[in-house]
Structures are given as C-alpha cells and as structure tokens.
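# Summary of the model geometry
Residue strings, one per chain:
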Amino acid sequence: MIIARVSALVVAVTLAASVMVGATQTASAAPSQAPCPSGETISVTAPSAAASTTVSVAVTPPVNLKPAASGDSASYHLHYFVDIDPSTVVSAGKPVPTGNPKIIHSASTSQDLGALSAGNHTVWVVLGDVSHLVCDPVVQGSVSFNVAAGALPATGTSGAPAAGVNGSAFWLILAGTVAAGAGLALRRTAR
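Because the structure is predicted, anything quoted here is derived from the model rather than measured. (Residues numbered from 1 in each chain as written. Predicted model: local features only at pLDDT ≥ 70, side-chain atom pairs only at ≥ 80, totals over all residues. Heavy atoms only, no water.)

## Topic: the sheet that holds strand E6 (residues 119–129)
If you walk across this open sheet you meet the four strands as E4-E3-E6-E7, and the pairing is antiparallel. The open sheet has two edge strands, strand E4 (103–106) and strand E7 (140–147), and neither has a second partner. Put simply, the sheet's adjacent strands are angled 20° from each other on average, direction ignored. Here eight bridges tie E6 to E7, and the two strands are oriented antiparallel to one another. Residue pairing for E7: His 121 is matched across the bridge by Phe 145. (Pairing = 2+ DSSP bridges. Helix = DSSP H or I, 4+ residues; strand = E, 2+ residues; numbered from the N terminus. Axes fitted to C-alpha atoms, helices over the stretch in contact; angles between N-to-C directions.)

Next up, the structure:
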C-alpha cells in the first residue's frame, strides 16, 4: 500500500515537472520582439534583362536583416509577395503566412522569384519581425515588371528560397510523392 502511494506520488511529481518544463520551453520559444523601427522606406528595383526574375530591395535607413530562423529578436526580414497584394493576406497582429510559394520570407535584398510566366507581374516587399508580424505602420515597397516570353529564371546568389519556408514546401511535396510511391509499391505486392 505504501509502495503504491509512493509510486503514485512519483508519477504525479514527474508529470508536474514535465508540464512545467514544457511550459518553460514553450514560453522561451517565442522571443520578445523589439519594436519596429520608425521612418523606414523600402524601394524595389525591377529585374534586369540578365536576371529576369530577380528583384533588388533597398531598406532605408538600413536595418538588421536576418532569416527568421535565426531567432534574433532584434532582427527583421523581408516578405516578398509575388502577384499577391499583401493587404489581401495580412491583417494586424496576424503573422505573414508561411508555406505559400508566392510569399517568400528572406533576409536577402536580392531575391530570385523563381520561374514566372510570361507577362506582367507585381512584387510587394514588406518588412516584418522575427515572428513574421508586419511592422506597424506598414513598411513596404512594390514594383511591376514584364517577363518576356522565353525568359529563363535567374540563378543569382539568392536563387534558393529562404530556408525553412519554401524549402519546407519542397520537402512536404517530396515526402508526399515518396509516400504515394510506397503506397503503390505496397498495393502491387499485395495483389
């Protein structure tokens, strides 16, 4: 009887400790964000003939740009909205969505937008914090440009999407493809 009570007490203390540790880890996972800088402007330059899908950005005055994955609460990053008006996606206090290939999260001021169809495109660039919240007041710039038929995407220094955002979409698609292939293989052997 005493052993059962001691065992129950040990289990209860262990559960309570794990809940406290979990709460502590959850609380420390979201760094507190420094306030957005004031007086910032963003100007966006259209792609050149040599890099037909790469836009360049200038943030004035310069701010500490780092990937969101760095977790640096004193840093910011850029959100590139490709043919999506940010005002239709972002609302006050809500993070910029991740996982959409038309919304690129990046610390780079030279961003390859990937393959774009021929025709007119508009890119908005919006400054956000480490938790993907858009600065208030909104700091953004935009540029419209035309991609000529047959233009190939650039392979510049920032040709890959920001790690962990569009890259994760790639891995999800790959995992789904592998899983689907495995399912087909299992069905074939089961027959």
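Continuing now.
## Describing the sheet that holds strand E2 (residues 54–60)
Strand order in the open sheet formed by three strands is E1-E2-E5, with antiparallel pairing between adjacent strands. Of all the strands in the sheet, just strand E1 (41–45) and strand E5 (110–112) have a single pairing partner and so form its edges. Strand-to-strand, the axes of this sheet are offset by a mean angle of 25°, without reference to chain direction. Of the strand pairs in this sheet, E1 and E2 are connected by five bridges, and their pairing is antiparallel. Considered in E2, the bridge of Ser 43 is made with Ala 58.

## Some words on the pairing of E4
The alternating pattern of E4 places Ile 103 and His 105 and Ile 104 and Ser 106 on opposite faces, both of which are buried. Two elements, strand E3 (residues 76–82) and E4, share four bridges in a ladder whose sense is antiparallel. Bridge pairing links His 79 to His 105 in E4. (Buried < 20%, exposed > 50% of the residue type's maximum accessible area, 1.4 Å probe, protein only.)

## Quick word on the confidence of the model for the chain
Averaged over all residues, the pLDDT of the chain is 73; the fraction at 70 or higher stands at 60%. A low-confidence stretch, residues 4–32 stays under pLDDT 50, and its non-local contacts, those more than four residues away or across chains, total four contacts. The low-confidence segment residues 154–191, where pLDDT is below 50, has 28 contacts with residues more than four positions distant or belonging to other chains. (pLDDT = per-residue confidence, 0-100. Contact = heavy atoms within 4.5 Å.)

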